[in-house]
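One-letter residues, chain by chain:
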Amino acid sequence: MTTWDFRVTLNRAPTDEEADALYEAGLDDCTISGGKEGSTYVSCHREGESLLEAITSVLIQVRTVPGLWVVAVGQGDGVTLGDAARRHGGRTQASLRQLSAGQRGPGGFPAPLIEADNISIYSWAEIAEWLRTRMGDDIPPENPDIALADALVRLSCRARAAHREDGLRHLFEAVA
C-alpha cells in the first residue's frame, strides 16, 4: 500500500472538541493548521491503494463531525499563467503566455478551464504535465487525482449551498 501526502481545506476551524473528534474518527495521520485568510488546512499522510481512495477516506472521516466538511483538496488547481509561472519557478508569465498562444514550443498547450473577460484560468496539473513531457522542464509531476478530487469537492459545496445535493448526485450517476 502506498502512503499519500495531500491536504484538504475545512469549511472552518474546528473547536478543541471537534479536533479531538476528528482524531478519534481516524485523522490521527493528519495535522490541522491555520493558513492565510483564516483557512484551516488538514495535512494528511494517508495510506491507500490510490490517492483517490486516501482522499475519500479523509472526506468521510471529516463528515463524521457535525458542522465540518472539506471545501477544497490540494493547493488549488486553478491558476492564471502568472500563478503557474510562480509555481514553476523557472518560467516567466510571458514565456507561458507565448507557449499558450502557440508562438513558441511544440503547440498543444492545455486549454483554459475558464475564460472570462481578460482572464484565463488553467489547470496547474495539466500545465505541469505538459511542461514536463513536452518541454522537458524539470518539475515534479502533479497527480491529476488531486485536481479531480478538488473539482468534485468544490462542486459538491456549491450544490450544498444551493440545496441541490440530490440533483448533483443523480447527475453524477448519469455521466459516470
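Reading guide: rules and limits
- Residues numbered from 1 in each chain as written.
- Predicted model: local features only at pLDDT ≥ 70, side-chain atom pairs only at ≥ 80, totals over all residues.
- Heavy atoms only, no water.
- Patch = residues over 30% accessible without salt bridge, like charges linked within 9 Å, V, L, I, M, F, W, Y side chains within 5 Å.
- Areas by Shrake-Rupley, 256 points an atom, 1.4 Å probe, with all protein chains shown as cover.
- Salt bridge = Lys/Arg side-chain N within 4 Å of Asp/Glu carboxyl O.
- Helix = DSSP H or I, 4+ residues; strand = E, 2+ residues; numbered from the N terminus.
- Pairing = 2+ DSSP bridges.
- Contact = heavy atoms within 4.5 Å.
- Axes fitted to C-alpha atoms, helices over the stretch in contact; angles between N-to-C directions.
- Buried < 20%, exposed > 50% of the residue type's maximum accessible area, 1.4 Å probe, protein only.
- Arc of directions from axis to C-beta.

1. Remarks on a nonpolar patch on the surface
(1) Moving on: On the surface, a nonpolar cluster with roughly 490 Å² of combined accessible area is contributed by L152, L155, L171, F172 and V175.
(2) Moving on: Going through the elements one at a time, α6 (144–161) and α7 (165–175) are the ones with two or more residues in the nonpolar patch.
(3) Moving on: Counting residues per element, the nonpolar patch draws most heavily on α7, which supplies three residues.
(4) Moving on: In this fold, L152 is placed in helix α6.

2. Quick notes on the sheet that holds strand β6 (residues 114–116)
(1) Moving on: Pairing in this open sheet of three strands is antiparallel, and the strands run β5-β7-β6 from one edge to the other. The two strands at the open ends of the sheet, each matched to only one other strand, are β5 (78–79) and β6.
(2) Moving on: Bridge count for β6 against strand β7 (residues 119–123) is three bridges, and the pairing is antiparallel. Bridged to A116 within β7 is I119.
(3) Moving on: Packed onto the sheet, helix α5 (residues 124–134) meets β5 and β7 and runs at close to 70° relative to β7.

3. Quick word on the environment of E142
(1) Moving on: Looking at where E142 falls in the secondary structure, it is placed in the loop between α5 and α6.
(2) Moving on: Judged by its relative accessible area of 33%, E142 falls in the partly exposed class.
(3) Moving on: The spatial distance from the C-alpha of E142 to the C-alpha of A21 is 32 Å, given a sequence separation of 121 residues.
(4) Moving on: Among residues more than four places away in sequence, those in contact with E142 are W124, A125 and A128.

4. So, helix α4 (residues 93–100)
(1) Moving on: Within α4, the full set of buried residues consists of S95, L96 and L99. Taken down its axis, α4 places every buried residue within 95° of arc, on the same side.
(2) Moving on: Its buried side turned inward, α4 meets α3 (81–88) and α5.
(3) Moving on: Note on α4: the residue one or two positions beyond its end, G102, has a positive phi of about 80°.

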